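Residue-level listing of the chains:
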Amino acid sequence: ASVRLGAVVVAAVVAAFALRPAAAQAQIVNVTQLSGKVVEQGFSGAANATVVSLVGNSLLLTASGGITAYYRRGRWLALVTSAAAYGLGGKDGKFADDPFQSKIFEHVRVRRDISDGWSIEAFGQHEYDRWRRLKLRALAGTGLRLDAEATPEVHAVFGLAYMALWEELLKPTEVD
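Below is a summary of the structure that appears in this document. (Residues numbered from 1 in each chain as written. Predicted model: local features only at pLDDT ≥ 70, side-chain atom pairs only at ≥ 80, totals over all residues. Heavy atoms only, no water.)

Remarks on the pairing of strand β1 (residues 42-54)
Along any regular strand, the residues point their side chains to alternate faces of the sheet. The buried fraction of β1 amounts to 0 of the 13 residues, a small share that puts the element mostly on the outside. Pairing geometry for β1 and strand β2 (residues 58-73), over 13 bridges, is antiparallel. Paired with G45 across the strands is A69, a residue of β2. Here β1 folds back onto β2 in antiparallel fashion, the turn holding 3 residues, of which G56 has a positive phi close to 150°. (Buried < 20%, exposed > 50% of the residue type's maximum accessible area, 1.4 Å probe, protein only. Helix = DSSP H or I, 4+ residues; strand = E, 2+ residues; numbered from the N terminus. Pairing = 2+ DSSP bridges.)

What about the pairing of strand β3 (residues 76-91)?
Sheet topology places β2 next to β3; 16 bridges connect them, and they run antiparallel. By the bridge assignment for β3, L59 is matched with G90. Linking β2 back to β3 in an antiparallel pair, the connection comprises 2 residues, with G74 at a positive phi of about 60°. Bridge count for β3 against strand β5 (residues 101-115) is 12 bridges, and the pairing is antiparallel. Bridge pairing links S82 to E106 in β5.

Comments concerning the environment of W166
Along the chain, W166 turns up in strand β8 (residues 154-169). Given the relative accessible area of 52%, W166 is considered exposed. With 40 residues separating them along the chain, W166 and H126 place their C-alpha atoms 9.6 Å apart. Ignoring sequence-local partners within four residues, the contact set of W166 consists of L136, R137 and A138. (Contact = heavy atoms within 4.5 Å.)

Description of the pattern of salt bridges
Counted under the stated rule, the structure contains 11 salt bridges. Here R130 and D98 are joined by a salt bridge, their closest N and O atoms 3.4 Å apart. Here D98 lies in the loop between β4 (94-95) and β5 and R130 lies in the loop between β6 (118-129) and β7 (134-151), a separation of 32 residues in the sequence. By relative accessible area, R130 is classed as partly exposed at 32%. Residue E121 pairs with R109 through a salt bridge whose shortest N-O separation is 2.7 Å. With E121 in strand β6 and R109 in strand β5, this pair connects stretches of sequence that are 12 residues apart. (Salt bridge = Lys/Arg side-chain N within 4 Å of Asp/Glu carboxyl O.)

Comments concerning the environment of T50
Note on placement: T50 falls in strand β1. As for T50 and A63, which are separated by 13 residues in sequence, their C-alpha atoms are 5.6 Å apart. Once you skip the residues sitting within four places of it in the chain, T50 turns out to touch T62, A63 and S64.

Spelled out as structure tokens, the structure:
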């Protein structure tokens, strides 16, 4: 009975997506390589930070960092990843007033395994990038996912998701 219910749910979701398709309009950051890895029960993750300072004819100061955290409990998996970077440049012993790099990215994803290889997930993402004049890009979505292992070294992910997107630019122009 649970196989039939699962097949009905999968068919209903696929039909809903097929009847109401939407084109992706944004340059969405792909985190599939993070959400596809095998995660043990409990908490796990990694963090990094970098600071670079160069002096001489030109000045350069950059700082960046990131964190990725996982939590698995039974059939549930949660993923949170975040990265940020900030950079100043200058010359003649003085830094410029405006940064040449200023960006932030966050992504959160929750997934529940529903049967062998199949799962349903929901996700949200936020991005700010001054260099690309991106004041705000926020998206949220949900969908089905199929994980397939061809060999122990090859893992493929197939997914179908519906996303809602909101985007604002810094100093928009008529061309935008």
